[in-house]
Amino acid sequence: MILRLALLSAIKHWRRSLVVAGAVAVACAVMIAIGSLLNGITGSFYDSVIPNSGHVRIEDARTADSLNPLDLELLLPNAAGLVAKIEALGDRRIVDVEPILGFGALLVEDRDVTTLQGGQDPRNLAMRGMGVSPDTRFADNVRFAMKEGSFLPGGRGIALSERAARLVGAKLGTGLLVLVQDRNGEPWYERLVVTGLFATESADFDESTFYIAEETAASMLDAAGMAREVRLLLADRNDAEAVARELAPLTGGGGGGGTTLRIQTWQTINASIFAILLFVKILLGIIMALFAIVSGTIIANSSLMSVMERIREYGTMRAIGLRARSLERLILLEGLMLGALGAALGVGIGFIVIAYLSRGGIDLGGIMESLGLSRYNRPRGDFWWFAFCTLASVVVSLAATAKAARSVGSMGVAESLATSS
Amino acid sequence: MSDNAGRMLLEVRGVTKDYRLGKTSIHALRGIDLSVEAGDFVSVVGPSGCGKTTLLNIIGCIDKPSSGKIFLDGLDVSTFDDNGEADTRLARIGFIFQSFNLVGVLDVRENIEFPLILAKVPKAERARRVDRLIELVELGEFVRHKPDELSGGQRQRVAIARALVNRPSLVIADEPTANLDSATSTTIMEAMKALNEEEKVTFIFSTHNELIERYAKRILLIRDGIIIGEEFPGEKNPGERRRGEWSRGSAPGGDSGPHAGGGAP
């Protein structure tokens, strides 16, 4: 009957019950939504940025201080040899190792100049070229964002974004001139056919990066066997520091030509992103804590009001023989039921909100793009986060109700009975 | 309900109750001595604020005396802690309140059954006792009604049934007819009287109403926190048994002292 009594009391005072359950539901849904948003940001970071940038990266030590990160002076002279040495280790933790040849280039519209009207130049765009293996695993963000054609089929052609193609007047199958300055300072150009058009969710990336086969790039730059960096993909990213330590002896002369190499892990490569993510986490954590405090206060006040309205009834129960502790348990049981109801509602609302936002994503704009992430954040639901939010909501509700229960429990029976309500 | 009428059920020895109201001390009870035998039907009468409710609350273990002793069934209940008091109320005392004090969300049957559930009485026994009391207070048609669907008299009969269901040694009724019309008041008092005579239930009730107090076998007059006299209406020469000369209009000898505090604090 105690359970029934708690249930009936909650129903009878349905307005206050609704306020309490509503406050719990809103708090729970907000916690779920914010947590899932954060989970979406970090998930997107771990899923795309880290694999694309590599878990371990070896590059010229001077790169960090160079004003021009695409300076050909910073190429690793014997990248191919370094890759061979790493592969010879047979380390099962290393899933893939690849030399990446990044360079600066000017993409120029391939057009008969006689068709141009007076004073008009062919359209051009300064971009960063990436010379990669056609089956590279360090360009999955592009490979899975192909809109037309495919990614360097048979090592041929050029893959660029739809946006960049539009800017230089290129289409799938049309030619495009790629102008570079080779290692000797000589200008060089190559006419490449557009074999793939992609559109990632980062406009910054799309406007700045194109891909060609590493072989083609090396030929154009006169940099056979060289690379801007050597990237490693690991089976478990947590092994990055250990692998980096073990690779250190190999890099002594691995770069060749007396170059000093620097080995970076994904943590150091993305240190600035981590700092921003930490800031975002703290900010969202504060928002969640504020919501919990506000909701807790609303719940506590509503519970207190609800309980105070019934103080005479509780006094009667105690006069009949209900112990103070049992009365507190009765009130807590009501709080528990309302907390559970609110949490269930909150989970439902949170689930719907996440499902809706996951479709198109939330446009977080340039801040996310500056981190190398998609501007569209898709919240990711996580079972354990849902479970935590449910539990936390019920606990907050119980804690808020406990205050009211304690107030009534500590009140004398005669005092309770004399209270007009 | 009591089956050994005549034994000493309740003894109140030198009970005082003081309240602090800011810097003022209010003496609600100023030394009460009282004995009640099992099967008695006692009325406590006196003007508002004389300490009737305070006395009943202290006897009923819902308030603590500032000093003095209360023995119920030979147990010194004035030394009990909160749980001991709650258990005593549950097992030995039944309450009937002026404003019925039923649990609004429970129906008639559940209200009556509630103390039995607290006392962990088995279900079958609960059903048997509740059925009998529903029959006794003639509420068979209303068992599934909520308190707000009942008249004042019906509610008070539910309260009586609830007070009796755990077979208490003592039933305390604080102005049980104050919120009822005279006809219903008579019905309620007849019911209580019948329970006292037939079931030997011991009642102590307070009232303002001179007609109601005449149902009692014994009347205690309380004024300014002390018992100033008692009367036995059923006896031939009730005046000879008075403790002192008293009238309803004034305290004896004008020795009223500071006015006692309100009913319950």
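Quick caveat, the model's predicted, so the values are computed rather than measured. (Residues numbered from 1 in each chain as written. Chains lettered and ligands numbered in written order. Predicted model: local features only at pLDDT ≥ 70, side-chain atom pairs only at ≥ 80, totals over all residues. Heavy atoms only, no water.)

**Student:** Before we go on, may I ask you to explain the overall build of chain A in this structure?
**Tutor:** The helix and strand tally for chain A stands at 16 helices and 12 strands. Compactness check: chain A gives a C-alpha radius of gyration of 31 Å against a globular reference of 22 Å for 421 residues, more than 25% above the reference. By principal-axis analysis of the C-alpha atoms, chain A measures approximately 100 × 60 × 35 Å. Relative to its full complement of 421 residues, chain A shows a buried share of 48%. Pairs at least 24 residues apart make up 79% of the contacts formed inside chain A by residues separated by at least 6 positions. By element, 60% of the accessible surface of chain A is carried by carbon and sulfur atoms, the whole surface being about 19600 Å². Separation between the mean location of the 39 positive side-chain charges and that of the 41 negative ones in chain A comes to 15 Å. (Helix = DSSP H or I, 4+ residues; strand = E, 2+ residues; numbered from the N terminus. Rg over C-alpha atoms; globule rule 2.2 N^0.38 Å. Buried < 20%, exposed > 50% of the residue type's maximum accessible area, 1.4 Å probe, protein only. Contact = heavy atoms within 4.5 Å. Areas by Shrake-Rupley, 256 points an atom, 1.4 Å probe, with all protein chains shown as cover. Lys, Arg positive; Asp, Glu negative; His and termini not counted. Charge placed at Lys NZ, Arg CZ, Asp CG, Glu CD.)

**Student:** Help me understand the packing of aromatic side chains, please; the structure alone is not making it clear to me.
**Tutor:** The way to describe two aromatic rings as a pair is by their centre distance and the angle between their planes. Across all of its chains, the model carries 11 aromatic pairs over all chains by this definition. Look at Phe151 of chain A and Tyr211 of chain A: their rings are 5.4 Å apart centre to centre, the planes differ by 65°, and that puts the pair in the edge-to-face class. Taken together, the residues Phe151 of chain A in the loop between β4 (146-149) and β5 (158-161) and Tyr211 of chain A in strand β8 (residues 209-213) connect sequence positions 60 residues apart. In this structure Phe151 of chain A comes out as buried when scored by relative accessible area, which is 7%. Under the relative-accessibility criterion, Tyr211 of chain A is labelled buried at 4%. Considering the side-chain rings of Phe41 of chain B and Phe203 of chain B, the 5.4 Å spacing of their centres and the 75° angle between planes classify their relative orientation as edge-to-face. Residue Phe41 of chain B is located in strand β3 (residues 41-45), and its partner Phe203 of chain B is located in strand β8 (residues 202-207); the two are separated by 162 residues in the primary sequence. Among the residues examined, Phe41 of chain B registers a relative accessible area of 0% and is labelled buried. Residue classification places Phe203 of chain B among the buried residues on the basis of a relative accessible area of 0%. The rings of Phe45, Trp266 and Phe274 of chain A are connected pair by pair, giving a single aromatic cluster. Here the basic side chain of Arg237 of chain A rests over the ring of Trp266 of chain A, its NZ or CZ set 5.7 Å away from the ring centre. (Phe/Tyr/Trp six-rings, centres within 6.5 Å; stacked < 30°, edge-to-face > 60°. Lys NZ or Arg CZ within 6 Å of the ring centre and 35° of its normal.)

**Student:** What exactly am I supposed to notice about a nonpolar patch on the surface here?
**Tutor:** Residue and element names in this part refer to chain A. Together, Val26, Phe279, Leu283, Ile287 and Phe291 give the surface a local cluster of nonpolar side chains, amounting to about 430 Å² of exposed area. Broken down by element, the nonpolar patch gets its largest block of residues, four residues, from helix α11 (residues 271-309). Residue position: Leu283 is located in helix α11. Owing to a relative accessible area of 43%, Leu283 belongs among the partly exposed residues under this scheme. (Patch = residues over 30% accessible without salt bridge, like charges linked within 9 Å, V, L, I, M, F, W, Y side chains within 5 Å. Salt bridge = Lys/Arg side-chain N within 4 Å of Asp/Glu carboxyl O.)

**Student:** Would you mind showing me how to read the domain arrangement of chain A here?
**Tutor:** Interface size is commonly expressed as the accessible area that is lost once the parts come together. All names here are of chain A. Domain boundaries in chain A define domain 1 (2-49 + 273-418) and domain 2 (77-258). Between the C-alpha centres of domain 1 and domain 2 there is a distance of 50 Å. The interface of domain 1 with domain 2 comprises seven residues on the first partner and five residues on the second. Taken together, both faces of the contact between domain 1 and domain 2 bury some 550 Å²; the carbon and sulfur share is 41%. Taken together, the connections running from domain 1 to domain 2 amount to one salt bridge. For Arg378, the salt bridge identified is with Glu201, shortest N-O distance 2.5 Å. Summed over the shared surface of domain 1 and domain 2, the number is one residue pair in polar contact (both at pLDDT 80 or more). (Domains from an automatic or database assignment. Buried area = accessible area lost by both parts, 1.4 Å probe. Polar contact = N/O pair within 3.5 Å; in protein donor to acceptor, adjacent residues only side chain to side chain.)

**Student:** Is there a simple way to think about the confidence of the model for chain B in this case?
**Tutor:** As a general rule, the predicted coordinates of low-pLDDT regions are not to be interpreted in detail. Residues and elements named next belong to chain B. For chain B, the mean per-residue pLDDT works out to 84, and 86% of the residues sit at or above 70. Every residue in residues 240-265 is under pLDDT 50, and counting partners more than four places away or in other chains gives 60 contacts. For this predicted complex, the interface score ipTM comes out at 0.85, while the overall pTM is 0.71. (pLDDT = per-residue confidence, 0-100.)

**Student:** Honestly, the interface of chain A and chain B in this entry has me stumped. Any pointers?
**Tutor:** Each side of the interface is counted separately: chain A has 21 residues, and chain B has 26 residues. With both chains or domains summed, chain A and chain B bury close to 2200 Å², and 64% of this area falls on carbon and sulfur atoms. At the boundary of chain A and chain B, one finds one salt bridge. Residues Arg323 of chain A and Asp87 of chain B are paired through a salt bridge, measuring 2.5 Å at the closest nitrogen-oxygen approach. Inspection of the region where chain A meets chain B yields seven residue pairs in polar contact (both at pLDDT 80 or more).

**Student:** Quick question: what am I supposed to make of the pattern of salt bridges here?
**Tutor:** Here the idea is simple: oppositely charged side chains can pair when their charged atoms come close. The final tally for this structure, using the stated rule, is 33 salt bridges over all chains. The salt bridge partner of Arg93 of chain A is Glu246 of chain A, with a shortest N-O separation of 2.4 Å. Of this pair, Arg93 of chain A sits in the loop between α3 (79-89) and β2 (94-109) while Glu246 of chain A sits in helix α8 (residues 240-247), and the two are 153 residues apart along the sequence. Note on Glu246 of chain A: relative accessible area 46%, which makes it partly exposed. Connected via shared salt-bridge partners are Glu125, Arg128, Arg129 and Arg167 of chain B.

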